[in-house]
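# Architecture and fold: a report
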Amino acid sequence: MTTDIKKGLAGVFADVTAISKVDPEINSLVYRGYPVQELAATQPFEAVAYLLWNGELPTDEQLAELRAIEHANRALSPAVKDLIDAMPVDSHPMDEVRTVVSLLGAIDTAGIDNVLDAVGTPAENLDRSIRLFAALPAVIAYGQRRRHGDELIEPRDDLDYAANFLWMTFGEEADPAVVDAFNRSMVLYAEHSFNASTFTARVIASTLSDLYSAVVGAIGALKGPLHGGANEAVLHVFTEIGSAENVGAWLDEALAAKRKIMGFGHRVYKRGDSRVPTMKAALDTLVAHYDRPDVAELYDTLESEFVARKGIYPNLDYPSGPAYSLMGFDTLTFTPLFIAARVTGWTAHIMEQQASNALIRPLSAYDGPDERHIDGYVPDAADVEALQRPEEAAD
Ligand code: CMC
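Residues numbered from 1 in each chain as written. Predicted model: local features only at pLDDT ≥ 70, side-chain atom pairs only at ≥ 80, totals over all residues. Heavy atoms only, no water.

Next up on the list: the nonpolar core. In this structure, Tyr31, Val101, Phe182, Met186, Val215, Leu302 and Tyr324 are the most contacted members of the largest nonpolar core, which totals 106 residues. The element best represented in this core is helix H16 (residues 334-355), accounting for eleven residues. Counting contributing residues per domain, this core is built from domain 1 (22-224 + 331-355) and domain 2 (230-325), each supplying no fewer than three. Discounting chain neighbours no more than four positions away, the residues touching Phe182 are Ala162, Phe165, Leu166, Tyr324, Met327, Phe329 and Leu337. (Core = buried A, V, L, I, M, F, W, Y, C linked by side-chain atoms within 4.5 Å. Buried < 20%, exposed > 50% of the residue type's maximum accessible area, 1.4 Å probe, protein only. Helix = DSSP H or I, 4+ residues; strand = E, 2+ residues; numbered from the N terminus. Domains from an automatic or database assignment. Contact = heavy atoms within 4.5 Å.)

So this is what it looks like as structure tokens:
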């Protein structure tokens, strides 16, 4: 058996990318060369999406052009609304969004009757990426409203992406400080090299499947609590603990039960996630805005106690969970917000994969039973030939 197995592909370079670089040694994350902190502080999310897709920040004209397409594709179409309404009201919003992306794909690729054409041209895929990016906020906002028994809110043309997202969710114009914190979270979540969901998207794209199929797969990967689902899980932890004075006893019990503490740890960063200070600053702004020092106290106490005991640092999901909660998002809506942001990175990677494709198909080392045979089975001539083939020959 091959012994050089990297469980979970840990430490394996699977391909090259020009989209982002995570450097845990110097605790840095850059998108197309720009430090993510600078982008979060200066750019609207739409401009960062443009950067991820095109490699450069947009000029004013290019941003206006992107925004015009984004505005034109913001409203929930009747078909999508009907589909959402057909799902159980208590279905997980990740499942809702995943299902909607499937429908959008079926509509957008209708009429393609040759599987070889489904992959689309680069221009078609850029258009699909922009439309998907534009369509998701209404899906997520309506999903939350529906769970509360509230009506759909139509988008507002005078608001940018972040402000309009909050408007469609809550039906009131958000304070600029809240819009800014939300925009920063979108920028921070947008891209992170070969994380599990992005790699899933690239695997699917590498088969020359279509962009929507790749995004649907990525959403499935993101849902898991070891990945995007952690931002939802952080809030469950906060709710379980209740308040800062309970942290010590709660941690004793959780660690004795060998529980993973959600929002801590990272496959790549071992000395802290480069995105956390920026998101923590946004959380602090929200704590001040909503006058909720109790949230900051619980956050700080859990962080310092857990780091002191285990030496494991928070990841981006740790500050973003309570930040989204303060903004008024339901806990169940947190991971869909991650979709809205990461769809930009996913689609950039899908297009990069397609531009320089090699089917992603690693090998597996087998450690099952030795070859054995069914009693009394007499192979015919074809089987005799097939049984002599090497294990990996025909998939
Ligand atoms: N709580 C308790 N122990 C932990 C944690 C944690 N959050 N994270 C790592 N450890 C321990 C783990 O038990 C193991 O200990 P030991 O060597 O004694 O068995 C050691 O640290 C190494 O952990 P690992 O799980 O083998 O490390 P990994 O690189 O495979 O996992 C991780 C990374 C993110 C899956 C893991 O840290 C984790 O499960 N964290 C909690 C879930 C979470 O917050 N996920 C979000 C990830 S980042 C943003 C995103 O993708 O959304």
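Structure's up, so let's keep going.
With that settled, the discussion passes to the pairing of strand S1 (residues 20-23). Where S1 meets strand S2 (residues 28-31), four bridges bridge the pair, whose relative direction is antiparallel. Among the inter-strand pairings, Asp23 is bridged to a residue of S2, identified as Ser28. Where S1 folds back onto S2 in an antiparallel hairpin, the turn is made up of four residues, including Asn27, whose phi is positive at roughly 50 degrees. (Pairing = 2+ DSSP bridges.)

So, on to the domain arrangement of the protein chain. Looking at the protein chain, the domain boundaries give domain 1 (22-224 + 331-355) and domain 2 (230-325). Between the C-alpha centres of domain 1 and domain 2 the distance comes to 26 Å. Between domain 1 and domain 2, the contact holds 28 residues from the first and 26 residues from the second. Of the roughly 2,200 Å² buried between domain 1 and domain 2 on both sides combined, carbon and sulfur atoms contribute 62%. Three residues stand out in domain 1 for area buried against domain 2, namely Leu188, Tyr189 and Phe334, and they jointly supply 28% of the buried area on that side. For the pair domain 1 and domain 2, the interface holds one salt bridge. Taking the shortest distance from any N to any O, the salt bridge between Arg271 and Glu25 comes out at 3.9 Å. Counting across the interface, domain 1 meets domain 2 through eleven residue pairs in polar contact (both at pLDDT 80 or more). Contributing elements (two or more residues each) for the side of domain 1 that touches domain 2: S2, helix H1 (36-42), helix H8 (176-189) and H16. Considering every element that reaches the side of domain 1 that touches domain 2, the biggest residue donor is H8, with eight residues. (Buried area = accessible area lost by both parts, 1.4 Å probe. Salt bridge = Lys/Arg side-chain N within 4 Å of Asp/Glu carboxyl O. Polar contact = N/O pair within 3.5 Å; in protein donor to acceptor, adjacent residues only side chain to side chain.)

Packed helices, taken two at a time, are described by the angle between their axes plus the distance between the axes. Packing of helix H9 (residues 196-206) against helix H10 (residues 211-223) brings their axes to within 8 Å, and their N-to-C directions diverge by 150 degrees. Viewed along their axes, H9 and H10 adopt a mutual orientation that is roughly antiparallel. Note that H9 runs across H10; the crossing there is right-handed. Between H9 and H10, the residues in contact are Ala196, Ser197, Thr200, Ala201, Ile204 and Ala205 and Ser213, Ala214, Gly217, Ala218, Ala221 and Leu222, respectively. When grouped by side-chain class, the residues that make up the contact of H9 with H10 number eight nonpolar, four polar and no charged. (Axes fitted to C-alpha atoms, helices over the stretch in contact; angles between N-to-C directions. Parallel < 35°, antiparallel > 145°, perpendicular 65-115°, else oblique. Left-handed = near helix turned anticlockwise from the far one by under 90°. Nonpolar A, V, L, I, M, F, W, Y, C, P; charged D, E, K, R; others polar.)

Further remarks concern helix H6 (residues 122-147). A rise of 1.5 Å per residue sets the reference length of H6, with its 26 residues, at 38 Å; its end C-alpha atoms lie 38 Å apart and thus fit the reference within 8%. Along its length, H6 shows its largest kink, about 25 degrees, at Ala135, and proline Pro137 lies within four residues downstream of that point. Within H6, 20 of the 26 residues are buried, which leaves it mostly tucked inside the rest of the structure. Residue Gly149 follows H6 closely and has a positive phi angle near 75 degrees. (Expected span 1.5 Å × (residues − 1). Bend = angle between axes of the 7 residues up to and from the residue.)

Moving on, we come to the site of the ligand. Near the ligand you find 20 residues, and of these His227, Ile261, Gly263, Phe264 and Asp317 are the closest. Between the ligand and the protein, one listed contact pairs a nitrogen atom with a backbone N or O atom of Leu226 at 3.1 Å. At 2.6 Å from an oxygen atom of the ligand is found a side-chain nitrogen or oxygen belonging to Asp317. For the ligand, whose accessible area on its own is 920 Å², the fraction buried by protein is 67%. Taken together, the residues of the shell around the ligand break down into nine nonpolar, six polar and five charged. (Near = heavy atom within 4 Å. Areas by Shrake-Rupley, 256 points an atom, 1.4 Å probe, with all protein chains shown as cover.)

Moving on, we get to the pattern of salt bridges. Where side chains of opposite charge bring their charged atoms close, a pairing between them can arise. Counted according to the given criterion, the structure contains 22 salt bridges. The shortest N-O distance in the salt bridge between Arg146 and Glu96 comes to 2.9 Å. You can see Arg146 sitting in helix H6 and its partner Glu96 sitting in helix H5 (residues 93-108), a full 50 residues away along the chain. The two residues Arg146 and Glu96 agree in class, both being buried.

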